[in-house]
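The chain contents come next:
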Amino acid sequence: MRFLGQSATAKDISPRSPRSIFSTERLIWLLLTTAAIAGSLFLAGYGQRSLINWGGWPQFWQFVQASLHPELDPVFLRLMGKATLITLAYAVCGTGLSLSLGLLAGILASAVWWRTLWPRWANLAQPAWLTVRAALSIPRAIHELIWGLFFLSILGLDPLVAVLAIAVPFSAIVAKVFSEILDETPSEPLQALVNTGTPPLSAFLYGLLPQALPNLLSYSFYRFECSLRSAAVLGVIGAGGLGYQILLSLQSLRYEELWTGFYALILLNGAVDTWSGLLRRKMGFTSRLDLSTGQPRNPAAQAIARDSASSRVEHPSTAYWVRFSLAGIACAIPLCFWSLRLDWTHLWSDRTGMLLRDILTQAQPGIVTIEQVRSLADLTAQTLAMSVLAMVMAGLGGVVFSFLAAQTFWLPGGILYPIGQHQRGSVGAWSLLGTSRLVLLVSRAVPTPIWALVFLYILFPGILPGAIALGLHNLGILGRLMAEVNENLEDEPVRSLRSLGASGLQTILYGFLPQNLPRFTAYSLYRWEVCLRETVIVGLVGAGGLGRLIAEQLSSFDYGGLVVTLSVFIGLTFVADLISAAMRRAVR
Amino acid sequence: MRHPSPLFELKQVSCRFNQVAALSQISLRIYPGERIALVGPSGAGKSTLLSLLNGTLAPSQGQVWVMGQNLAQARATSRRRVQRQIGMVYQQHHLIRNLAVIHNVNAGHLGYWPLWKAAWSLVWPLQVDQAAAALAQVGIADKLYARTDRLSGGQQQRVALARVLVQNPAVILADEPIASVDPERSRDIMDLLRHLSDTTGKTLVISLHEVDFARSHCDRVIGLREGKLRFDCPVSAASDSLFRDLYALSGEPQAVELR
Ligand SMILES: Nc1ncnc2c1ncn2[C@@H]1O[C@H](COP(=O)(O)OP(=O)(O)OP(=O)(O)O)[C@@H](O)[C@H]1O
Ligand SMILES: [Mg+2]
């Protein structure tokens, strides 16, 4: 028998006036964003002076043409091969260190750890994890390039520089992300164990970590991709490897050599990204950054995931492939550490200590004059403008590319593949997919400062070349992330739209964007935080902002001034993180 | 009074979540070997009551005594010692979804295993025979190494039961153990619980909506509604009209299923 309440009242049936999806809060953020973009364009000099340097085009054209005949001299190739291996080794060692430190710190920074360990002292647990989180935010706020310059000045030219410059900030980032993953993992199974008398440590190990593992691993692979890009950038400041070779070639205007370096980077990045993507898919982890939206996973999606998981037939070759990869990782880490011949004693040698003391004694900020305050404010505005422009470019471009570069759209059997049409057009679809993926790969493989130097041929110096370089590099990263989001979307709702007769664009409008837009926005905002930190890199090669001042102060050993600039910069990134978090909450 | 010392004793217990009073002024005693059916419409406070009994929740007012201990004040170790004696089967299973079934069953040992043993067992499962026997008892012997989230809801329910078998507690609390299972399997599960109680003397506290099963498998019914104790009597004394009143709608728009 089924009894239904009588009171399905008139209230529910009465017609409602249409309500906009823009709540007041969202509307305010939208207006603020528009204002920020307009302001950034103004600061970039848009409409006030000419931005394009037509005089630089012939040289730019030479540079482009050189792409067709890269330097293939065997001696040079061997040099490049070695540089490639060095960059890879930096990335492997940096990732290895940051993952192990990050896991430890991440557990300590998670609320669930303290709640499980000290269930009774909830009011003590909170300060504990807040302290750990606050302590982690400082190394994270400083870009790896600045860490690199710092280590360079106390260790000299040493492979430790690159490894540490990656490991220090990345450990903190990994810790933050891991702690969020742990906190977002459903904790009921853990609680269920605790409530049947399981000691907290065992319960944590048994009830929480296994469930978090897929997300932890997937993020680890993503971190490895990031480390590889950072290793290339660190080369640019002199830490050796591919980035360094590329910079040398660019400075001596040997474009053929430059392109050899580009191709090496593209191959290396492409290989690593493909391998990591494939491995994640074979291990059954689809999304790699599912945390930045904070959306609770809905049970229906889980049920579907279960069904698809159970229908998936595990091919034995898959298992071999995964095992082979894992064994490869296990061998690669010690091999890379060995090949770089890291000499950890350098860290506590007398010379290092002396240099460190020198820097620390000089790093007493003097009295800040009004003049300085004004210039710092100017540079802060420039930095913000650069990051906003870069974010808009990367975000909008990323959304477009997310559809072009997703496997599940245009290919035969894909969602937007015309129904009833077979084979015809699939060549076009494949080449569209290939081209867009290549564009994304090239944009993210080439380090930002190199892009900035290239754009300086055709643009007048200022924040615009910096913003475009940042935007392009981040577009490459964001486009790939967003394409994966599109690929991982449950396609039943979309296919049902399709069978209703919706056109391709309608399907995107009704099926994809509503489900994915919050996540896309969250990714873009998250990327904005990254862009802001990365403005330092382009600042170093002359694009404006605080980064440029930091570069000047570093080269003139003005450590007192540097401390002031860095503090302003860190303050700025904190504020940006808060804004971004608030906006991500609003779009949820 | 049949036995001198109760397993559970609730003294004037109230439990509120912010403004919602999930339970108010409940007093009751549960003795070893009893088989209790906990009935009442959705939102009546059944899950809340079970959480109080196993120490997941502390009452906002009143005291909960379990095996002679006031759980809210007990030290962590003695509290754990009590909790090991209480097995719980949850409405939503709460299994570790991406582990193999064997590990979920072995989680029943965790109250007794040291940390190293728990860690090692994740790599190389220990006490496999016992787990296999438990799974055979609940009728899914072939799923020993299957991944838990690839099982159906009813099969997961059985894994949760197998875990309790391995834990071998003195009391089994079950929160709607047959809500997601077809009628035949429901009977199986209820039979199994009843059998455990008959053979090993385990105390049962089962929340359910199925009046027939309450009658056939339990010997005492506790009726809850809107957080209040409506009745608490032997099944023989619980009439149809008593149940009908308990589940009757009071103008609240709410769908209730009565079987
Ligand atoms: N964690 C919580 N936070 C806030 N309110 C809660 C919480 N848990 C339970 N409640 C409220 O307490 C009341 C009793 O809930 P409880 O889950 O115990 O009901 P139930 O009898 O188990 O219902 P069902 O048959 O639907 O499982 C409900 O009104 C519920 O909304
Ligand atoms: Mg319930």
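Cut-offs and rules
Residues numbered from 1 in each chain as written. Chains lettered and ligands numbered in written order. Predicted model: local features only at pLDDT ≥ 70, side-chain atom pairs only at ≥ 80, totals over all residues. Heavy atoms only, no water. Salt bridge = Lys/Arg side-chain N within 4 Å of Asp/Glu carboxyl O. Helix = DSSP H or I, 4+ residues; strand = E, 2+ residues; numbered from the N terminus. Buried < 20%, exposed > 50% of the residue type's maximum accessible area, 1.4 Å probe, protein only. Domains from an automatic or database assignment. Contact = heavy atoms within 4.5 Å. Buried area = accessible area lost by both parts, 1.4 Å probe. Polar contact = N/O pair within 3.5 Å; in protein donor to acceptor, adjacent residues only side chain to side chain. Nonpolar A, V, L, I, M, F, W, Y, C, P; charged D, E, K, R; others polar. Near = heavy atom within 4 Å. Areas by Shrake-Rupley, 256 points an atom, 1.4 Å probe, with all protein chains shown as cover. Donors = N, O, S within 2.8 Å, 3.2 Å for Na, K, Ca; no water.

1. Notes on the pattern of salt bridges
Oppositely charged side chains are able to pair whenever their charged atoms sit close together.
No. 1: The tally for this structure, following the rule as stated, stands at 21 salt bridges over all chains.
No. 2: When the shortest N-O distance is used, the salt bridge between Arg480 of chain A and Glu484 of chain A registers 4.0 Å. Of this pair, Arg480 of chain A and Glu484 of chain A both sit in helix α19 (residues 463–488), four residues apart, roughly one helical turn.
No. 3: When the shortest N-O distance is used, the salt bridge between Asp219 of chain B and Arg35 of chain B registers 3.4 Å. Taken together, the positions of Asp219 of chain B in the loop between α8 (211–217) and β9 (220–225) and Arg35 of chain B in strand β3 (residues 35–39) put the pair 184 residues apart, joining distant regions of the chain.
No. 4: The class for Asp219 of chain B is partly exposed, based on a relative accessible area of 30%.

2. So, the domain arrangement of chain B
Residue and element names in this part refer to chain B.
No. 1: Under the domain assignment, chain B is made up of domain 1 (1–85 + 171–190 + 198–259) and domain 2 (93–168).
No. 2: For domain 1 versus domain 2, the distance between C-alpha centres works out to 26 Å.
No. 3: Each partner contributes to the interface: domain 1 provides twelve residues, whereas domain 2 provides eleven residues.
No. 4: Both sides of the domain 1 and domain 2 interface together cover about 890 Å² of buried area, and 49% of this is carbon and sulfur.
No. 5: Linking domain 1 to domain 2 there are one salt bridge.
No. 6: Across the salt bridge formed by Asp188 and Arg158, the nearest N and O atoms sit 3.8 Å from each other.
No. 7: On the surface where domain 1 and domain 2 come into contact, there are four residue pairs in polar contact (both at pLDDT 80 or more).
No. 8: Top contributing element to the side of domain 1 that touches domain 2 by residue count: helix α7 (residues 183–200), with three residues.
No. 9: Within the side of domain 1 that touches domain 2, the residues separate by chemical class into four nonpolar, three polar and five charged.

3. Notes on the site of ligand 1
All names here are of chain B.
No. 1: Near ligand 1 there are 14 residues, and of these Gly43, Gly45, Lys46, Ser47 and Thr48 occur at the shortest range.
No. 2: For ligand 1, an oxygen atom lies 2.9 Å from a polar atom in the backbone of Gly45.
No. 3: Side-chain polar atom of Gln91 to an oxygen atom of ligand 1: 3.4 Å apart, as the coordinates give it.
No. 4: Bound to the protein, ligand 1 loses 61% of the 630 Å² it would expose on its own.
No. 5: Elements that contribute at least two residues to the shell around ligand 1 include exactly β2 (20–30) and α1 (46–53).
No. 6: With three residues, α1 is the largest single contributor of residues to the shell around ligand 1.

4. Examining the coordination of the magnesium ion (ligand 2)
Residue and element names in this part refer to chain B.
No. 1: Coordination of the magnesium ion (ligand 2) by the protein comes from Ser47 (OG) and Gln91 (OE1), over a distance range of 1.9 to 2.7 Å. Of this pair, Ser47 sits in helix α1 while Gln91 sits in the loop between β6 (86–89) and α3 (101–106), and the two are 44 residues apart along the sequence.
No. 2: Judged by relative accessible area, which is 30%, Ser47 ranks as partly exposed.
No. 3: By relative accessible area, Gln91 is classed as partly exposed at 30%.

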